[in-house]
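# Survey of secondary and tertiary structure
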Amino acid sequence: MKKYKVMDEKNTYIDSTVQIGENTIIYPGVSLRGNCVIGDNNIIDSYTIIEDSVIGSNNKIGPSAHIHSNSQIGSNNVIGNFVEIKSSILQDDIKVKHLSYVGDALIHSHCNIGAGVVFANYNGFGAKKEKTELFEYVFIGSNSVLVAPLKIKENSVVAASSTITEDIPPF
């Protein structure tokens, strides 16, 4: 017997390889593909795609979010409307509210990513993907671009509409 709830089984796709924890609610149009492990008490909103990733507990994901392969999402996070996450680790208590792209990143706990933030991870030469790391309690203002490779240290604030190309020290 399932211990999670699918709101509309006719319009939801879940691979047989997906593991889903207790009290998770899955809304219509969701597609869970490959070797996903999804924890307890999550809300996966409509038209979200999650593939080959690990999702902790107590997260709110979507609607229309896309979590690509090789991503790990901790617990107590909000991944909002039209957010795309690729090959990234998000620890706990993180908000990526809407219209953002997070690629090849490590985001430590208690960070806030504003609307429309882009993690620019591709250097344009030789198909190399670069990494961005946000330490604890970092706030990234809306419509900012973080150009990897990059480290933004703890308790830092990036103003809205900034383009960051160099590491930022703590505080």
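Reading the values: the criteria
- Residues numbered from 1 in each chain as written.
- Predicted model: local features only at pLDDT ≥ 70, side-chain atom pairs only at ≥ 80, totals over all residues.
- Heavy atoms only, no water.
- Pairing = 2+ DSSP bridges.
- Helix = DSSP H or I, 4+ residues; strand = E, 2+ residues; numbered from the N terminus.
- Contact = heavy atoms within 4.5 Å.
- Salt bridge = Lys/Arg side-chain N within 4 Å of Asp/Glu carboxyl O.
- Buried < 20%, exposed > 50% of the residue type's maximum accessible area, 1.4 Å probe, protein only.

## Regarding the sheet that holds strand E12 (residues 72–73)
The sheet built from 8 strands is open, its strands ordered E3-E6-E9-E12-E15-E18-E21-E24 with parallel pairing. Whereas interior strands pair on both sides, the edge strands pair on one side only; in this sheet they are strand E3 (19–20) and strand E24 (150–152). Note: E3 against strand E6 (residues 37–38), 2 bridges, orientation parallel. Residue Ile20 lies in a different strand from E6, and its bridge partner there is Ile38.

## Concerning the environment of Ile168
One can find Ile168 in the segment after strand E26 (163–164). Between the C-alpha atoms of Ile168 and Tyr122, which are 46 residues apart in sequence, the distance is 20 Å. Excluding its chain neighbours within four sequence positions, the residues that come into contact with Ile168 are Lys151, Ile152, Lys153, Ser156 and Val158.

## Comments concerning the pattern of salt bridges
One pass over the full model with this rule turns up 8 salt bridges. Linking Glu51 and Arg33 is a salt bridge whose minimum nitrogen-to-oxygen distance equals 4.0 Å. Separated by 18 residues along the polypeptide, Glu51 in strand E8 (residues 49–51) and Arg33 in strand E5 (residues 31–33) bring together distant segments of the chain. Judged by its relative accessible area of 16%, Glu51 is buried.

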